[in-house]
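Residue-level structure breakdown
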Amino acid sequence: TSQTELEEKLVHPVFVGYLCIVLLLLILLMFWIAPAYGPANIMVYISICSLLGSFTVPSSKGIGLAAQNAFSGSESSERAWYLFLALLTVLTCSILIQFQYINKALQYFDSSVFAATYYVVFTILVLLASAILFREWNKVGIIDCLGMLCGFTTVSVGIILIQVFKNFSCSLKNFNTSKMD
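Residues numbered from 1 in each chain as written. Predicted model: local features only at pLDDT ≥ 70, side-chain atom pairs only at ≥ 80, totals over all residues. Heavy atoms only, no water.

Considerations on the overall build of the chain
Broken down by element type, the chain carries six helices and zero strands. Reading the helices (α) and strands (β) of the chain from amino to carboxyl end gives α-α-α-α-α-α. On C-alpha atoms alone, the chain measures out to a radius of gyration of 21 Å, which is more than a quarter above the 16 Å that the 2.2 N^0.38 rule sets for 181 residues. Per-residue burial over the chain gives 34% buried out of 181 residues. Considering only contacts in the chain between residues 6 or more positions apart, those separated by 24 or more positions represent 72%. (Helix = DSSP H or I, 4+ residues; strand = E, 2+ residues; numbered from the N terminus. Rg over C-alpha atoms; globule rule 2.2 N^0.38 Å. Buried < 20%, exposed > 50% of the residue type's maximum accessible area, 1.4 Å probe, protein only. Contact = heavy atoms within 4.5 Å.)

Concerning the packing of aromatic side chains
Taken as a whole and assessed by the stated rule, the structure comprises nine aromatic pairs. Measuring from ring centre to ring centre gives 5.4 Å for phenylalanine 71 and tryptophan 81, while their planes differ by 80 degrees; the resulting arrangement is edge-to-face. Taken together, the positions of phenylalanine 71 in the loop between α3 (42-70) and α4 (77-108) and tryptophan 81 in helix α4 put the pair 10 residues apart, joining distant regions of the chain. The exposure class of phenylalanine 71 is exposed, given its relative accessible area of 55%. (Phe/Tyr/Trp six-rings, centres within 6.5 Å; stacked < 30°, edge-to-face > 60°.)

A word on the nonpolar core
One finds Leu26, Ile48, Tyr101 and Phe114 to be the most contacted residues of the largest nonpolar core, which totals 39 residues. Elements supplying a minimum of two residues to this core: α2 (13-37), α3, α4 and α5 (111-134). If we skip the residues at most four places from it in the chain, leucine 26 touches Ile48, Leu51, Leu52 and Phe55. (Core = buried A, V, L, I, M, F, W, Y, C linked by side-chain atoms within 4.5 Å.)

Some remarks on the environment of valine 113
On the secondary structure map, valine 113 appears in helix α5. For valine 113, a relative accessible area of 5% gives the class buried. Counting along the chain gives 83 residues from valine 113 to methionine 30, while the straight-line C-alpha distance between them is 21 Å.

Notes on the packing of α4 against α5
The geometry of α4 relative to α5 is characterised by a closest axis approach of 9 Å and an angle of 140 degrees between their N-to-C directions. It follows that α4 is oblique to α5 by the angle criterion. Along its contact with α4, which presents Gln98, Ile102, Ala105 and Leu106, the element α5 presents Ser111, Phe114 and Tyr118. For the contact of α4 with α5, the residue count by class is five nonpolar, two polar and no charged. (Axes fitted to C-alpha atoms, helices over the stretch in contact; angles between N-to-C directions. Parallel < 35°, antiparallel > 145°, perpendicular 65-115°, else oblique. Nonpolar A, V, L, I, M, F, W, Y, C, P; charged D, E, K, R; others polar.)

Some details on α4
Given a rise of 1.5 Å per residue, 32 residues ought to cover 46 Å, and the 46 Å separating the end C-alpha atoms of α4 matches this to within 8%. Those residues of α4 lying buried are Ser77, Ala80, Leu83, Phe84, Leu87, Leu91, Ser94, Gln98, Tyr101, Ile102 and Ala105. Here the buried face of α4 lies against α1 (3-10), α2, α3 and α5. (Expected span 1.5 Å × (residues − 1).)

Focus: the packing of α2 against α3
Closest axis-to-axis distance for the α2/α3 pair is 9 Å, and the angle between their directions is 155 degrees. In this view, α2 runs roughly antiparallel relative to α3, as classed from their interaxial angle. Here α2 runs over α3; the crossing is left-handed. From α2, Tyr18, Leu19, Val22, Leu23, Leu25, Leu26, Leu29, Met30, Ile33, Ala34 and Tyr37 reach across to α3, where they touch Val44, Tyr45, Ser47, Ile48, Leu51, Leu52, Ser54 and Phe55. Partitioning the contact of α2 with α3 into residue classes produces 17 nonpolar, two polar and no charged. (Left-handed = near helix turned anticlockwise from the far one by under 90°.)

Looking at the side chain of serine 54
For serine 54, the location among the structural elements is in helix α3. You can call serine 54 buried: its relative accessible area is 1%. Excluding residues that lie within four positions of it along the chain, serine 54 makes contacts with Tyr18, Leu125, Val126 and Ala129.

Shown next, in the form of structure tokens:
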């Protein structure tokens, strides 16, 4: 992907639509839902952080592409410099807001539950954003798709088990092995 292709992808209607939906959800979550339900529902803070996180990975990839031209001194370096700064601003703002909501979540919820659930939701949304922006799924074969699906399913089942058994206590003392009369 070149800088020109990245610029075209950033204004593609499908990505712009995704961007608008994510921004609308973020406004709704941050200003209406989080103040009312955030301390009682872990998914509110995870959703905010993950939606913002869906900007961080594509922004980082875009910064890498734009930096090549921005610092090369070529005739397209001025445009690349503006793209570089815009993506760096998006990356910085999304990371700072994520930190704020991660800290809020950790005030109310267990860190192991938050981190595990956040990992899964973050991964889903980053894959979705990257797939929409870079259209990388066009080149992935069926075997690779199945492998990714299996890996994702394994992680998701693990997260569900962590959630279900987080208060479960089991030790050898709980098992009575000599129960003969």
